[in-house]
Amino acid sequence: MSRLFRFYQVVGHLFFCSYEVIERFLTPAGAFLLSLFFFPYRELLSYPPPERLRIALERLGGAYVKIGQLLSTRVDLLPAEYVRELEKLQDRVPPQPLEELINHYPELRDAFQHIEGEPIGSGSVAQVHRAVLKDGREVALKVIRPKAEELIKRDVSTLKSLVSLFSFIPAVKEFRVPQIVSEFERMLLNELDLTAEAAYVELFRKFSKEEPFLYVPAVIWEFSSSRYLTTEFVRGRKLSPELFDEFPDVKREELAKRFVQIVNRTVFELGVFHGDLHPGNIFLLESGRFAFVDFGIVGRLSPDTLTEFFLFSLGVMERDPDVIVSSLKRIGAVGDWVNENLLKREILIFLDKYYNRPLSQIDAERLFYEELSVARRFKIVLPEELVTLMKTIAHTESIARIIYPNFRLPPLLKPYLKRIAPKMVASAVRRKGARLAMDYGELLSQLPTAVKSKLKEEERTESLVPFWSASVLGFSLLLALSPKLLLVYVPSLYIFKKLAKK
């Protein structure tokens, strides 16, 4: 497919996804005339706008399905109905024949005793096969498709060109669309490097030794590279409502709390979280432990951002708009154009809807979506990792309800946040104290040089005072007695001053 035709395809699909907006800009007649150029895709208008976007991205395929999945995490940018529709996107494409993969990675032929031809998972970037090593160990083999990088770079390049083309639209600048596209590009290209995923698997596996209810499969490093990843094969049952029908309610509630505890601890204690935590990536083992798989999307927050997110969450739970807005400001989400008093008032009105209810009656996911609709009205754009984290925590409740339908997150989250508050505050104080000490240390080391420089400057200034006094006197005498000599006198003063500086 030529690059020009691909560009036409993308523009055509996105044109009809934005048809109602274009009508307001160009009038209905103008939009209709322009639509004739993209007539092959006009039938998209038969779907409601949110569904239309999902279908368009599915048809475009390639990186656009991945971008749609990433967009479903940007609830600070899109209305809830669009987010829910994009969550239905499935990155499932026909698998590439195993023989083609082995021809591209010939070393796989000698490393494995057997690789099953039918993959257990197949996406636009990679596919996963069950395999057996020469020593008889059963493993999961994740392999990057040979042309994945080329296709992703082509599709992202097309998207960047479109964003540049429509950069004159105020919303493109207000919502920092170019930066968001760059974030998506970084995330997509990161998925192509399986050594990064392997490192995160190891990080979570080390943490699982401290968390008794979490299991993470080990990486088989000798059979892994940047383009394929070999891990232990997990034998367990994927989460589903039917799976827990056999358990009594007490056991189901206990398992739901265990699962939420795991997620909370990875976020606030490890500072790293699974960014694609859905039922397909979670298994219940016979031992009662939860196994997490597929660490292709992992979020990592800096210690400072994590502290601000903690304060933000505590502010929501404690109904404190000052804490919430201060946290948003410190991470750079609240611009100078935002009326802070009005924002605090809106947050307080929003929290009042939930504050007088019992914690057990608060729907965390609904609260999350409504909270970010307030942010959207004030054109607040949060860092991508932070939005993914907030959505992960909100979705934790949805997954916990698969285990135990009556589960609610706030009654568990609020006491947990209060329990770890001293540790989070102490950690923040230590970091700020260390930075302050380093800043003062640097200042003290530069002080002698600065003092010497200032003293020399003052000495030079004082030594030139008699010179300028005599110069002004000489200038006055020559002006009165022989003005022609000023042509020689003034340049001479300039030369003398330059030599004096040296």
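Residues numbered from 1 in each chain as written. Predicted model: local features only at pLDDT ≥ 70, side-chain atom pairs only at ≥ 80, totals over all residues. Heavy atoms only, no water.

If you tally the helices and strands in the protein chain, you get 19 helices and 11 strands. The buried share of the protein chain, taken over its 502 residues, is 46%. Sequence-distant contacts in the protein chain: of pairs separated by 6 or more residues, those separated by 24 or more amount to 67%. When the accessible surface of the protein chain is summed, it comes to about 26500 Å², and 60% of that surface belongs to carbon and sulfur atoms. (Helix = DSSP H or I, 4+ residues; strand = E, 2+ residues; numbered from the N terminus. Buried < 20%, exposed > 50% of the residue type's maximum accessible area, 1.4 Å probe, protein only. Contact = heavy atoms within 4.5 Å. Areas by Shrake-Rupley, 256 points an atom, 1.4 Å probe, with all protein chains shown as cover.)

Looking now at the pairing of strand 3 (residues 126-133). Regular strands show a simple pattern: their side chains alternate between the two faces of the sheet. Pairing analysis gives three bridges linking strand 1 (residues 112-115) to strand 3, with the strands arranged antiparallel. Across the sheet, the residue bridging to F112 is L133, located in strand 3. Here strand 2 (residues 121-122) pairs with strand 3 via two bridges, running antiparallel. Across the sheet, S122 pairs through a bridge with Q127, a residue of strand 3. Taking the residues that link successive antiparallel strands as the turn, the strand 2-strand 3 hairpin has three residues. Judged from the seven bridges that link them, strand 3 and strand 4 (residues 138-144) form a sheet pairing that is antiparallel. Looking across to strand 4, one finds that Q127 is bridged to V143. Taking the residues that link successive antiparallel strands as the turn, the strand 3-strand 4 hairpin has four residues, and the phi of G136 there is positive, at about 95°. (Pairing = 2+ DSSP bridges.)

Right, let's talk about unusual backbone geometry for a bit. One non-glycine residue, T27, lies in positive phi territory at about 75°. Tracing the backbone shows T27 in helix 2 (residues 19-35). Its identity is not glycine, yet D294 carries a phi of approximately 60°, on the positive side. When you line up the elements, D294 lands in the loop between strand 10 (290-292) and strand 11 (298-300). Residue class for D294 comes out partly exposed when judged on its relative accessible area of 33%.

Counting residues in each nonpolar core, the largest one holds 129 residues, and the members touching the most others are F259, F268 and F290. With sequence-adjacent residues up to four places away left out, F290 is seen in contact with F213, L214, Y215, L239, L255, R258, F259, I262, I282, F283, L284 and I403. (Core = buried A, V, L, I, M, F, W, Y, C linked by side-chain atoms within 4.5 Å.)

Across all of its chains, the model carries 18 aromatic pairs by this definition. Among the aromatic side chains, those forming a connected cluster through ring pairs are F5, Y8, F15, F16, Y19, F37, F38 and Y41. (Phe/Tyr/Trp six-rings, centres within 6.5 Å; stacked < 30°, edge-to-face > 60°.)

This brings us to the side chain of S35. As for its placement among the helices and strands, S35 is situated in helix 2. Taking the relative accessible area as the measure of exposure, S35 reaches 0% and is therefore buried. Within polar-contact distance, the side chain of S35 engages the backbone oxygen of F32 at 2.5 Å. Setting aside chain neighbours within four positions, we find S35 in contact with F15, F16, Y19 and R42. (Polar contact = N/O pair within 3.5 Å; in protein donor to acceptor, adjacent residues only side chain to side chain.)

Let us look at the confidence of the model for the protein chain. On average, the protein chain scores 80 in pLDDT, and the residues at 70 or more come to 81%. No element of the protein chain has a lower mean pLDDT than helix 9 (residues 170-174), which averages 61, and none a higher one than strand 6 (residues 228-232), which averages 95. (pLDDT = per-residue confidence, 0-100.)

A separate point is the sheet that holds strand 10. Pairing within the open sheet is mixed, and its four strands lie in the order 5-10-9-7. Edge positions in the sheet fall to strand 5 (214-215) and strand 7 (237-238), since each of these pairs with one other strand and no more. Pairing analysis gives two bridges linking strand 7 to strand 9 (residues 282-284), with the strands arranged antiparallel. Bridge pairing in strand 9 links R237 to L284. Set on the sheet, helix 12 (residues 249-270) makes contact with strand 5, strand 9 and strand 10; between it and strand 10 the angle comes to about 35°. (Axes fitted to C-alpha atoms, helices over the stretch in contact; angles between N-to-C directions.)

A separate point is the pattern of salt bridges. Enumeration over the complete set of coordinates arrives at 28 salt bridges. The salt bridge partner of E346 is R345, with a shortest N-O separation of 3.4 Å. The exposure class of R345 is partly exposed, given its relative accessible area of 48%. Each member of the salt-bridge network shares a partner with another, and the members are E51, R54, E58 and E85. (Salt bridge = Lys/Arg side-chain N within 4 Å of Asp/Glu carboxyl O.)

A few words on the packing of helix 8 (residues 148-165) against helix 10 (residues 177-190). Relative to each other, helix 8 and helix 10 sit at 175°, their axes nearing to 10 Å. Comparing the axis directions of helix 8 and helix 10 gives the class roughly antiparallel. In this structure, helix 8 contributes I152, K153, V156, L159, K160 and V163 to the contact, and helix 10 contributes V177, P178, V181, S182, E185, L188 and L189. (Parallel < 35°, antiparallel > 145°, perpendicular 65-115°, else oblique.)

To continue, consider helix 14 (residues 321-330). Those residues of helix 14 not exposed but buried are P321, I324, V325, S327 and L328. Burial along helix 14 is one-sided: seen end-on, the buried residues are contained in an arc of 160°. Capping the start of helix 14 is the job of one residue whose side-chain oxygen sits 3.1 Å from the backbone nitrogen of D322: D320. Phi for G332, located one or two positions after helix 14, is positive at around 80°. (Arc of directions from axis to C-beta.)

On the surface, a nonpolar cluster with roughly 360 Å² of combined accessible area is contributed by V21, F25, L26 and L34. In this fold, L26 is placed in helix 2. The class of L26 is partly exposed, set by a relative accessible area of 41%. (Patch = residues over 30% accessible without salt bridge, like charges linked within 9 Å, V, L, I, M, F, W, Y side chains within 5 Å.)

Helix length check: helix 3 (residues 49-60) (12 residues) gives 16 Å between terminal C-alpha atoms against 16 Å at 1.5 Å per residue, within 8%. Restricting attention to buried positions, one finds in helix 3 the residues P50, R52, L53, R54, I55, A56, L57 and L60. Where the residues of helix 3 are buried, they touch helix 1 (3-17), helix 2, helix 4 (63-71) and helix 5 (80-86). Where helix 3 terminates, the next one or two residues include G61, which has phi positive at roughly 60°. (Expected span 1.5 Å × (residues − 1).)

Note that F16 resides in helix 1. Once residues within four sequence positions are removed from consideration, F16 is found in contact with S35, F38, Y41, R42, L44, L45 and R52.

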